[in-house]
Amino acid sequence: MLELLGKTRTPVSAAIAPNGKMVAWSVRSGRSEQIHLTELETGNDKLLETGPADGCSSSTPTWSPDGESLAYISDCGAEPKGQGQIFLWSKKTGMSKQLTHLTGAITSPAWSPDGKSIAFLFVENATRAAGALAAMKPWAGVVGEDGVEVQRVNSVDLATGAVNWLTPQNLHVYEFAWAPSSAGITFVAANPPGENNWWVAKLYTADIRRSIAQSHSNLQDHVTEEIHMILAPSEVSGLLHGLQIALPRWSPDGRQIAFIGGLMSDQGSTGGDIWVVPSTGGEPKNLTPERKATPAYFVWIDDNTLGISEHIGGSSRLTDFDLRTGKDSGDGVTFPESIGSGTAVMSVSTAKNGDIAIIRSSFEHAPEVWAGPDAHLKQITHLNDGLKPLWGKTENVEWTNEDFHVQGWLLYPANYDPDKKYPLIVNVHGGPSSAVSPRWPGVGYGGVPFSGLGYFVFMPNPRGSYGQGERFTQANIKDFGHGDLRDITSGMDTIEARLPIDKAREGLTGWSYGGFMTMFAVTQTTRFRAAVAGAGISNWKSYYGENSIDQWMIPFFGASVYDDPEVYAKSSAIQFIKKVKTPTLVVVGDRDGECPAPQSFEFWHALRAEGVKTQLVVYPNEGHAFRSPEHRRDVLERALNWFETQMPAR
């Protein structure tokens, strides 16, 4: 099983040229990444020559508006050595040149519409990747007063090579987009520290021309005079109040800025309704109220039409939305799989003729790049043609619980025999604002491999998930672990009623919010024979003061723990710890800022004190998302072994 997963070659990004004739895509191998260029008509493919290849990486291919150049980030042959820089490849010459000579973290390059400059996110002298998923700095010294690393928008002028800051030092920027005139940008930002304040970020615009002029005049501090805050969600009444904003995009005529606003539990896990606000500021308008799906990405096709990429149930759908009618222009295309182009969740790379490029991945098919018209996509890469799943068939499962229609995915055991009884493992996704969509697994934590070992694997999307509209996503506010657990057990009942499942061999696992659900569920029911809690939360009251991202909790709990401790206690596993009987493996990274290791220690300590079989494994120098291939493999192996020991498939 692990050998198969280790053979997977994973495309990371896909960018279709403006004329729709070529796709630039990158593939990861080990710790390095390489960019390829594929002609759609002929299928001819070549590797982008990026310099010495001794473990170096090139990523994030981004076409110029005229399609004659490709910007990308690379440390191959870069100066200073080992530092990622922005490079420019010329279609005419076939050669690349280094544009920037910076020290720090460079991400998200974006061409100005006039093709004269490239803007990007930049953390000067960065010591870690920006964001809460990365490993936090070890705690030492005077905590909270040792300075922070601020991510800002920078730009490089292609004609002169001049590099200019476009946003001020006092704002940590998460996302940005160019104005159609190339004279400005819009961006989502908050006061530092960045990993904590995304949940209270605001929407801004900046006048680029005046900012650059001031920068050239050594008036760097005056860049703030060109920044305008146009929307603060916390100050808006109605649905947007207290919700998060992401993916700002200027309309082609420059009059409006659209964005996704919703209850989001993690930066990057985008989902909600699509809103518009005048680019000069004003009252925002929800374009998709009561939509029974969750938009995650969109592009402006023209001033009256958006191309939307969204979660629907546990699938992915591409559709066009007419702003004038407030309805979809057609049925769209639905994929029972995961899609994206690498720039954002469910992102789609588009050409001027409407063709697209995406990476498709499902339980049955390893990830590959596809391109063309969305209804007639053509497979561009064949990285994994020889790989066949070692797990069982997939089934979409739907059921009703209370007043909710709920959906999930079920994997059958490999070599399924309807005359035998099988154990079941329930795998709860993180978030909670997220969704399980079919995806080929990697070497790391996840539920799919259990199917290959002879288990049914159930992956539900209970209330709080994406895929059925904002009301469904908000349905677990002030109710973590209760309504969503009832949805999950109701789904289990539905499956058990028609399939040969051994109720004495049912297990539960999850990571992040799924780790919390695992810890909490075993205090509410003895239904589960074994459990594995990854990066979980056992005590919301103590968690509030331990994590690096406490701002995310207010929209979900309604108040701080100091103002309403009971709502936090209500969902804390530690409050009900004496009810636990389930043997539970607990795993966590020692530098996890989202779900800190003390939460796992607290749960493990309590189980041990109560005489419940348990084991705690702490992984050194790991954050919320494990980076070490050795650790990713080890955590999967331990989970597999735990269930095999406690509830073998036989």
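To keep things clear, this report deals only with the structure shown in the data block.

1. Observations regarding the side chain of serine 315
Right, on to step 1. Tracing the backbone through its elements, the reader meets serine 315 in strand β23 (residues 315-322).
Right, on to step 2. For serine 315, a relative accessible area of 12% puts it in the buried group.

2. Quick look at the pattern of salt bridges
Right, on to step 1. One pass over the structure, following the stated rule, counts 20 salt bridges.
Right, on to step 2. In this structure, aspartate 487 engages arginine 463 in a salt bridge whose closest nitrogen and oxygen atoms are separated by 2.8 Å. Taken as a pair, aspartate 487 in helix α6 (residues 483-496) and arginine 463 in the loop between β34 (456-461) and α5 (470-473) lie far apart in primary sequence, 24 residues in all. For the pair aspartate 487 and arginine 463, a shared accessibility class is recorded, and that class is buried.
Right, on to step 3. Put simply, arginine 527 and aspartate 493 hold a salt bridge, and the shortest N to O gap is 2.6 Å. Taken together, the positions of arginine 527 in the loop between α7 (513-524) and β36 (530-534) and aspartate 493 in helix α6 put the pair 34 residues apart, joining distant regions of the chain.
Right, on to step 4. With relative accessibility at 22%, the residue arginine 527 sits in the partly exposed group.
Right, on to step 5. What makes aspartate 493 partly exposed here is its relative accessible area of 42%.
Right, on to step 6. Connected through salt bridges with shared partners, the residues Asp493, Glu496, Lys503, Glu506 and Arg527 form a single ionic network.

3. Regarding the side chain of serine 112
Right, on to step 1. Along the chain, the position of serine 112 falls in the loop between β9 (104-111) and β10 (117-124).
Right, on to step 2. The residues touching serine 112, leaving out its near neighbours within four places in the chain, are Pro65, Ser117, Trp178 and Ser182.

4. A closer look at the environment of aspartate 303
Right, on to step 1. Residue position: aspartate 303 is located in the loop between β21 (294-302) and β22 (305-312).
Right, on to step 2. Between the C-alpha atom of aspartate 303 and that of aspartate 322, which follows or precedes it by 19 residues, the distance is 9.6 Å.
Right, on to step 3. Apart from residues no more than four positions distant in its own chain, aspartate 303 is found in contact with Ser251, Pro252, Asp253 and Leu323.
Right, on to step 4. Polar side-chain contacts of aspartate 303 include one of 2.9 Å to the backbone nitrogen of aspartate 253.

5. Concerning the environment of glycine 94
Right, on to step 1. Mapped onto the fold, glycine 94 is located in the loop between β7 (85-90) and β8 (96-98).
Right, on to step 2. Given the relative accessible area of 34%, glycine 94 is considered partly exposed.
Right, on to step 3. Each C-alpha atom of the pair glycine 94 and glutamate 49 lies 8.4 Å from the other, and the pair is 45 residues apart in sequence.

6. Here's the deal with helix α11 (residues 597-609)
Right, on to step 1. Between its first and last C-alpha, α11 extends 18 Å over 13 residues, near the 18 Å set by a 1.5 Å rise per residue.
Right, on to step 2. If you check which residues of α11 are buried, you get Ala597, Gln599, Ser600, Phe603, Ala606 and Leu607.
Right, on to step 3. Packed against the buried residues of α11 are α7, α8 (540-543), β37 (584-589) and β38 (614-619).
Right, on to step 4. Two residues or fewer past α11, glycine 611 is found with a positive phi of approximately 80°.

7. Regarding the sheet that holds strand β2 (residues 22-29)
Right, on to step 1. The sheet built from four strands is open, its strands ordered β1-β2-β3-β4 with antiparallel pairing. The open sheet has two free edges, formed respectively by β1 (10-16) and β4 (45-47), since each of these has just one partner strand. When strand polarity is set aside, the average angle formed by the axes of neighbouring strands in this sheet is 25°.

8. With respect to the pairing of strand β35 (residues 501-511)
Right, on to step 1. For β35, the buried fraction is high: nine of the 11 residues fall into the buried class.
Right, on to step 2. Across five bridges, β35 lies against β36 in parallel orientation. Note that in β36 the partner of glycine 510 across the bridge is alanine 533.
Right, on to step 3. Between the parallel elements β35 and β36, the chain passes through α7 in a crossover that is right-handed.

9. Concerning the packing of aromatic side chains
Two aromatic rings, taken as a pair, are described by how far apart their centres are and by the angle between their planes.
Right, on to step 1. One pass over the structure, following the stated rule, counts 38 aromatic pairs.
Right, on to step 2. With centroids separated by 5.5 Å and ring planes inclined at 55°, the aromatic side chains of tryptophan 399 and phenylalanine 458 adopt a geometry described as tilted. With tryptophan 399 in strand β31 (residues 394-401) and phenylalanine 458 in strand β34, the pair connects residues that are 59 residues apart, well separated along the chain.
Right, on to step 3. Centroid distance tryptophan 511 to phenylalanine 626: 5.2 Å. Interplanar angle 90°. Geometry classified as edge-to-face.

About the cut-offs
Starting from 1, residues in each chain are numbered consecutively following that chain's sequence as written. In keeping with the model being predicted, local features are shown solely for residues with a pLDDT of at least 70 and side-chain atom pairs are shown and tallied solely at 80 or more, while totals for entire chains, interfaces and linings include all residues. The side-chain figures draw on all heavy atoms in the structure; neither hydrogens nor water molecules are used. The helix count covers DSSP runs of H or I at least four residues long, the strand count covers runs of E at least two residues long, and both are numbered beginning at the N terminus. Using a 1.4 Å probe on the protein chains alone, a residue whose accessible area is under 20% of its type maximum counts as buried, one over 50% counts as exposed, and one in between counts as partly exposed. Counted as salt bridges are all cases of a side-chain nitrogen of Lys or Arg within 4 Å of a carboxyl oxygen of Asp or Glu. Should any heavy atoms of two residues lie within 4.5 Å, those residues are counted as being in contact. A 3.5 Å cut-off defines polar contacts: any pair of N or O atoms within that distance qualifies, except that in protein one atom must be a possible hydrogen donor and the other a possible acceptor, and neighbouring residues in sequence count only when both atoms are side-chain atoms. Working rule for helices: expected span equals 1.5 Å times residues minus one. Paired strands, in this sense, are two strands between which DSSP finds at least two bridges. Each axis is a line fitted through C-alpha atoms, taken for helices only over the stretch in contact, and angles between the N-to-C directions span 0 to 180 degrees. Handedness of a crossover: with both strands directed away from the viewer, a clockwise path from the first strand across the helix to the second marks it as right-handed. Pairing of aromatic side chains here covers Phe, Tyr and the six-membered ring of Trp, requires ring centres within 6.5 Å, and sorts the geometry by plane angle: under 30 degrees stacked, over 60 edge-to-face, intermediate tilted.

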